[in-house]
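Listed below, chain by chain, are the residues.
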Amino acid sequence: MKTQTIDIRISEVGPRDGLQSIDTIMPTADKCAWIETQFDAGTREIEVGSFVPPRLLPQLADTAEVVAFSRKLKGLVIAVLVPNLKGLQNAVDAGAHKVSIPFSMSESHSLKNVRKTHAQMLEEIGRCVSYLGGVPRERRPTLEVGLSTAFGCTIEGPVPEDRVIRMAEKVIELGVDEVGLSDTTGYGNPAQLKRLTQEIWNHCGRERMTGVHLHNTRGQGLANALMAVELGITTLDASLGGIGGCPYAPGASGNIVTEDLVWMLEAMGLRTGIDVEQLLEVRRQVQASVPNETMYGFLADAGLPKGFASHQGGRIQQNG
Ligand code: ZN
């Protein structure tokens, strides 16, 4: 097996964060085709869906099937989002590799989103950790808690940074593998991201937070991503064509755009393992599947700069 060195891992969250916030329900076959072609383009982590009740998110009702399909793609880390223990059990049964539980740092947002106070969320996370302790190691996914609305909330406004740090410490003490900073509402700025990251590292250890989840609601997505990379964050969530957002955070419109992010990093000399031209093809394919949905981003409109050559040739140099 040939291993390629990667500097920054892009975790594609479009099939989850993107599809959950548009009205169109993408057919299962189209989701699988998206995941496969984006894997072919070099993406090695994809959040393929969410285990929530289908009546809440009919767009993601087929997540178990999508996970089953994705398991055929050797070397792909299959991530899913779950709101609670029940969702986690479904994720383990389906065979996900990485599970993320969103934990809203705004208690009002948490009550509205999952009807749980902070104390109740901490109890639920504790139950999730205990449950995973009984899952055989080879089937046990890594567990991440996403500190959502960490940069501010559409209901509460500013979220105190010391609260975010305290909650990060608490969930790490409970035994989760990692926390991740999530700018659910697109309120974040680079200075804030730097403070939060450094404080979480100081209190929890650097290895306990390696990724951030950014939105581009106010145009700060790439600025925040650049700050994260300069600090030493190694995993960035992004959504192809920027589709996505949070259905519970009014006004939020889209993650950072995968193809723009990949291009920025590759142009800076950082290796993502992803072939940006192939990625633009995937985008065309996804747009054809949801022709009435808006896709964002500059690279697709402007094209690659003349003479641009990315660092690698996609699949051939990848793992597996
Ligand atoms: Zn999001």
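Everything in this summary refers to the structure shown in the same document. Residue positions within a chain follow its written sequence, with the count starting from 1. Only residues with pLDDT of at least 70 are given local features in this predicted model, and only at 80 or more are side-chain atom pairs given and counted; all residues enter the totals for whole chains, interfaces and linings. Water and hydrogen atoms were dropped before computing side-chain values, which therefore reflect all heavy atoms in the structure.

### Regarding the overall build of the protein
Point 1. Summing up its helical and strand segments, the protein has 12 helices and eight strands in all.
Point 2. Note that the radius of gyration is over C-alpha atoms, with the globule rule given as 2.2 Å times the number of residues to the power 0.38. Computed over C-alpha atoms, the radius of gyration of the protein comes to 18 Å, within 12% of the 20 Å expected from 2.2 N^0.38 for 320 residues, which places it in the range of a compact globule.
Point 3. Seen through its principal axes, the protein has C-alpha atoms that stretch 55 × 40 × 40 Å.
Point 4. In the protein, of all internal contacts separated by at least 6 residues, the share reaching a separation of at least 24 is 74%.
Point 5. Here the Shrake-Rupley method, with its probe set to 1.4 Å, supplies the accessible areas, and only the displayed protein chains count as covering residues. Carbon and sulfur atoms provide 50% of the accessible area of the protein, an area that totals close to 13,200 Å². Secondary structure is summarised from DSSP: a helix means a run of H or I of at least four residues, a strand means a run of E of at least two, and numbering begins at the N terminus for each. Whether two residues touch is decided by their heavy atoms; if any such pair falls within 4.5 Å, the residues are in contact.

### What about the coordination of the zinc ion?
Point 1. Coordinating N, O and S atoms are those within 2.8 Å of the metal (3.2 Å for Na, K and Ca), and as water is not part of the atoms, a site may appear to have fewer donors than expected. Those donors, D17 (OD), H213 (NE2) and H215 (NE2), are the protein atoms that reach the zinc ion, and they lie 2.1 Å from it.
Point 2. Counting along the primary sequence, the residues that act as donors to the zinc ion give the motif D-x195-H-x1-H. With D17 in helix α1 (residues 14-20) and H215 in the loop between β7 (211-213) and α9 (221-231), this residue pair connects regions lying 198 residues apart in the sequence. Accessibility assignment for this pair places D17 and H215 in one class, buried. Only protein chains enter the accessibility calculation, which uses a 1.4 Å probe; a residue is then buried when its area is under 20% of its type maximum, exposed when over 50%, and partly exposed in between.

### Focus: unusual backbone geometry
As a rule of thumb, non-glycine residues mostly have phi less than zero, and peptide bonds are mostly trans rather than cis.
Point 1. Residues other than glycine seldom take positive phi values, yet R115 does so here, at roughly 55°.
Point 2. The exposure class assigned to R115 is exposed, which follows from its relative accessible area of 68%.

### A closer look at the side chain of S70
Point 1. Examined against the element boundaries, S70 turns out to sit in helix α3 (residues 63-70).
Point 2. When its relative accessible area of 0% is taken as the criterion, S70 is described as buried.
Point 3. With sequence-adjacent residues up to four places away left out, S70 is seen in contact with I35, V48, L76 and I78.

### Focus on the layout of surface pockets
Point 1. A cavity here means a set of points on a 1 Å grid, drawn over the protein atoms and nothing else, where a 1.4 Å probe fits but cannot get out; a pocket is an open set with protein on both sides within 12 Å along at least five of seven lines, and a residue lines either one if it has an atom within 4 Å of a point. Grid points are joined across faces, edges and corners, and a volume is the space filled by probe spheres set on the points. What the second largest pocket holds in volume is close to 260 Å³.
Point 2. Forming the boundary of the second largest pocket are 14 residues, of which N216, V257, D260, G297 and F298 lie nearest the centre.

### Digging into the pattern of salt bridges
Point 1. By definition here, a salt bridge exists when the distance from a side-chain nitrogen of Lys or Arg to a carboxyl oxygen of Asp or Glu is within 4 Å. Taken as a whole and assessed by the stated rule, the structure comprises 13 salt bridges.
Point 2. The salt bridge involving E124 is made with R127; its shortest N-O contact spans 2.8 Å. Here E124 pairs with R127, and both are found in helix α6 (residues 118-133), just three residues apart, close to one helical turn.
Point 3. For the salt bridge of E259 with R283, the shortest nitrogen-to-oxygen distance reads 2.6 Å. With E259 in helix α10 (residues 258-267) and R283 in helix α11 (residues 276-289), this residue pair connects regions lying 24 residues apart in the sequence. When sorted by exposure, E259 lands in the same class as R283, which is buried.

### Description of the packing of α10 against α11
Point 1. It is the contact of α10 with α11, at a shortest axis distance of 10 Å, that shows an interaxial angle of 175°. One finds that α10 runs roughly antiparallel with respect to α11. For the pair α10 and α11, contact is made by T258, E259, V262 and W263 and by V276, L279, L280 and R283, respectively.
Point 2. Each residue is assigned to one of three groups, with Ala, Val, Leu, Ile, Met, Phe, Trp, Tyr, Cys and Pro labelled nonpolar, Asp, Glu, Lys and Arg labelled charged, and all others, Gly among them, labelled polar. Its residues assigned to classes, the contact of α10 with α11 comprises five nonpolar, one polar and two charged. Axes here refer to lines fitted to C-alpha atoms; in helices the fit is confined to the stretch in contact. Angles between the N-to-C directions go from 0 to 180 degrees. Orientation categories follow fixed angle ranges, with anything under 35 degrees roughly parallel, anything over 145 roughly antiparallel, 65 to 115 roughly perpendicular, and all other angles oblique.

### What about the sheet that holds strand β3 (residues 77-81)?
Point 1. Spatially, β1-β2-β3-β4-β5-β6-β7-β8 is the arrangement adopted by the eight strands of the closed barrel, whose pairing is parallel. With strand direction ignored, the average angle separating the axes of adjacent strands in the sheet is 30°.
Point 2. Across seven bridges, the pairing between strand β4 (residues 98-104) and strand β5 (residues 142-148) is parallel. Looking across to β5, one finds that V99 is bridged to L143. Strand pairing requires that DSSP identify at least two bridges connecting the strands.

### Observations regarding the packing of α6 against helix α7 (residues 161-174)
Point 1. For the pair α6 and α7, interaxial distance at closest approach is 9 Å and the crossing angle is 30°. Judged on the interaxial angle alone, α7 and α6 are roughly parallel. With respect to the hand of their crossing, α6 and α7 are arranged in right-handed fashion. The residues of α7 that touch α6, namely those facing H118, L122, I125, G126 and V129, are R163, M167, K170, V171 and L174.
Point 2. The residue inventory of the contact of α6 with α7, partitioned by class, reads six nonpolar, two polar and two charged. Each crossing is labelled by how the near helix is turned from the far one, with a counterclockwise turn of less than a right angle marking it left-handed and a clockwise turn marking it right-handed.

### Re α11
Point 1. In this model α11 runs 20 Å from its N-terminal to its C-terminal C-alpha over 14 residues, within 8% of the 20 Å that 1.5 Å per residue would give.
Point 2. Residues of α11 that are buried: V276, L279, L280, V282, R283, V286 and S289.
Point 3. Turning to α11, the residues buried within the fold contact α2 (28-40), α10 and α12 (299-302).
Point 4. Polar contact is the term for a pair of N or O atoms within 3.5 Å; when the atoms are in protein, one must be able to donate a hydrogen and the other to accept it, and sequence-neighboring residues count only if both atoms are side-chain atoms. The N-cap of α11, judged by a side-chain oxygen 2.9 Å from the amide nitrogen of E277 a few residues on, is D275. Given a helix with a known number of residues, its expected span is that number minus one, times 1.5 Å.

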